[in-house]
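Reading the structure
The chain contents come next:
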2 protein chains.
Amino acid sequence: MKLYSSRFAPNPRRVTIFLAEKGIEIPTVEIDLAKKENLLPEFLGRNPLGRVPVLEFDDGTYLTESVAICRYFEATHPEPALFGSGARAQANVEMWNRRMEYEVLANVTGCFRNTHPYWDGRIEQVPEYGELCRRTLEDRMKWLDGELSNHPFIAGERFTIADITAVTAFDLAKILKVRIPETLSNLSAWYARVSALPSVASTSPSRKDG
Amino acid sequence: MKLYSSRFAPNPRRVTIFLAEKGIEIPTVEIDLAKKENLLPEFLGRNPLGRVPVLEFDDGTYLTESVAICRYFEATHPEPALFGSGARAQANVEMWNRRMEYEVLANVTGCFRNTHPYWDGRIEQVPEYGELCRRTLEDRMKWLDGELSNHPFIAGERFTIADITAVTAFDLAKILKVRIPETLSNLSAWYARVSALPSVASTSPSRKDG
């Protein structure tokens, strides 16, 4: 089994944090997105969509999509449960992970892809849409702050995949100069709590500057 | 247990098709999105994000997000398995469902929300982004046509949640005047095959015009 990944991109980082929380180690091949290694024919043979991460099985088949890869390892290594335990709790984690994907991560990546110089020339940018995503993100932070008055982690009492999705999104948001306002005390406390976890701290994109 | 839903919107329709395939019947309250019933205080108490569908449990708790609701019923009513059976197959279905969400449905809804008169005045529209989504969708249809040369359904040999996501997206695309080109013969054959299923045909948004 082999993982093709990229250290600092948010989606591969979700898998990296997930595996660390599970205590799973897998041989990993670094794909340099800045050098567009993900668009080389060799890589497109693994994933025609050119996205990381990709999990290669020993039988030569591939699995893509970060959450699909995480879900595979949740099934093979159930503890600690990062997708919840039992039908109702698992559905609740799915709800919260999707809320973090659609309300937070999608707005962060929408702003990043449409306004940041990194993507200029790589994709067709629509800056006006990126700025709309930025404003939507600021609105959603207020909503999330209210929700976190009721539970210490995104989906409830325990750390789950929903926290992983959210913290990778907020870390990426830093390069867009979007930070969680101190006035949002619940969200700020959550962010500090989750950022201190070894799996999160050791993979922080800001480490490369440190 | 009670479901708050809207007949013709794509996400609620995913749940409707899913329940029909499972043979599950649940009392359903129709929420009229055109009349903005989803933004009334009573509804926001169920889902502060104002989105349908919402599943209300008998203990007064709520579950939102279409796929979270589907996953709950997959756990309580395992047959027929619409999320796959076994770790590897389930991960594969998750991959394909996410590909359909991000590569197909997100581009359809991105075009719909940013270009269609229905949303004018409801949200801030960025038509240039909507048109980019339209072109991206046309590109992804070609990719998906190639993938479907290898398997009759989106995720393989069996009908799954990934087919449900894709067919609701392509049905919504019709109001954007985007149709699957006949030249994409694999995708066209898949669409005809899935559209003929009673759960899909009986919930088609074009029925209201017929």
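Residues numbered from 1 in each chain as written. Chains lettered and ligands numbered in written order. Predicted model: local features only at pLDDT ≥ 70, side-chain atom pairs only at ≥ 80, totals over all residues.

Observations concerning the sheet that holds strand β3 (residues 54-56) of chain B
Residue and element names in this part refer to chain B. Just so we agree on the cut-off: Think of it this way: DSSP has to see at least two bridges between two strands before they count as a pair. The way it works is that DSSP assigns letters per residue, a run of H or I at least four long becomes a helix, a run of E at least two long becomes a strand, and they are numbered from the N terminus. Every angle, taken between N-to-C directions, lies between 0 and 180 degrees, and every axis is a line fitted to C-alpha atoms, over only the stretch in contact when it is a helix.
With mixed pairing, four strands are arranged side by side in an open sheet as β2-β1-β3-β4. On the outer flanks of this sheet lie β2 (28-30) and β4 (62-64), each paired with one strand and no other. Averaged over all neighbouring strand pairs, the angle between strand axes comes to 20°, with direction disregarded. Bridge count between strand β1 (residues 2-5) and β2: three bridges; the pairing is parallel. Across the sheet, Tyr 4 pairs through a bridge with Val 29, a residue of β2.

Remarks on the relation of the copies chain B and chain A
Basically, it comes down to this: Copies are brought into register by a least-squares superposition over C-alpha atoms of residues with pLDDT of at least 70 in both.
Each copy superposes on the other: chain B lies on chain A with an RMSD of 0.0 Å after a rotation of 180° and an axial shift of 0.0 Å. Each copy turns onto its partner about a two-fold axis. It is Tyr 129 of chain B whose C-alpha, among those of chain B, lies nearest the rotation axis, at 3.2 Å.

Overview of the domain arrangement of chain A
Residues and elements named next belong to chain A. Selection criterion: Either an automatic procedure or a domain database provided the assignment from which the domain bounds are taken. A pair of residues counts as a contact when their C-beta atoms, built from backbone coordinates, are separated by no more than 7 Å. Note that Gly is not counted as nonpolar here; it falls among the polar residues with everything else outside the nonpolar set of Ala, Val, Leu, Ile, Met, Phe, Trp, Tyr, Cys and Pro and the charged set of Asp, Glu, Lys and Arg.
As far as domains go, chain A holds domain 1 (2-76) and domain 2 (87-198). A separation of 21 Å is found between the C-alpha centroids of domain 1 and domain 2. At the interface, six residues of domain 1 touch seven residues of domain 2. With five residues, the single largest contributor to the side of domain 1 that touches domain 2 is helix α1 (residues 10-22). Among the residues forming the side of domain 1 that touches domain 2, the class breakdown is four nonpolar, no polar and two charged.

Considering the environment of Glu 128 of chain B
With respect to the helices, strands and loops of the structure, Glu 128 of chain B is situated in helix α5 (residues 127-147). A sequence separation of 14 residues divides Glu 128 of chain B from Asn 114 of chain B, and the C-alpha atoms of the two residues are 7.9 Å apart. With residues near it in sequence (within four places) discarded, Glu 128 of chain B still touches Val 126 and Glu 128 of chain A.

Focus on helix α4 (residues 87-115) of chain B
Think of an α-helix as turning once every 3.6 residues; residues three or four places apart then point the same way. All names here are of chain B. Rule in force here: What a helix should span is 1.5 Å times the count of its residues minus one. The bend reported for a residue corresponds to the angle between axes fitted to the seven residues ending at that residue and the seven starting there. To assign burial, the other C-beta atoms lying within 10 Å of each residue's own C-beta are counted, with C-beta atoms placed from the backbone; 20 or more indicates buried, 12 or fewer indicates exposed, and intermediate counts indicate partly exposed.
The terminal C-alpha atoms of α4 lie 40 Å apart, and with 29 residues this matches the ideal 42 Å at 1.5 Å per residue to within 8%. Of all the bends found along α4, the most pronounced is centred on Leu 105 and spans about 35°. Where burial is concerned, most of α4 is hidden: 21 out of the 29 residues are buried.

Remarks on the packing of helix α1 (residues 10-22) of chain B against helix α3 (residues 66-76) of chain B
All names here are of chain B. Just so we agree on the cut-off: For classification, angles of less than 35 degrees are called roughly parallel, those exceeding 145 degrees roughly antiparallel, those between 65 and 115 degrees roughly perpendicular, and all remaining angles oblique. The crossing is said to be left-handed when, going from far helix to near helix, the turn is anticlockwise and less than a right angle, and right-handed when the turn is clockwise.
At a closest axis distance of 9 Å, the pairing of α1 and α3 adopts a crossing angle of 15°. By the angle between their directions, the pair α1 and α3 is classed as roughly parallel. Where α1 crosses over α3, the two elements pack in a sense that is right-handed. Each of Asn 11, Pro 12, Arg 14, Val 15, Phe 18, Leu 19 and Lys 22 in α1 lies in contact with α3, whose residues at this interface are Ser 66, Ile 69, Cys 70 and Phe 73. Counted by class, the contact of α1 with α3 contains seven nonpolar, two polar and two charged residues.

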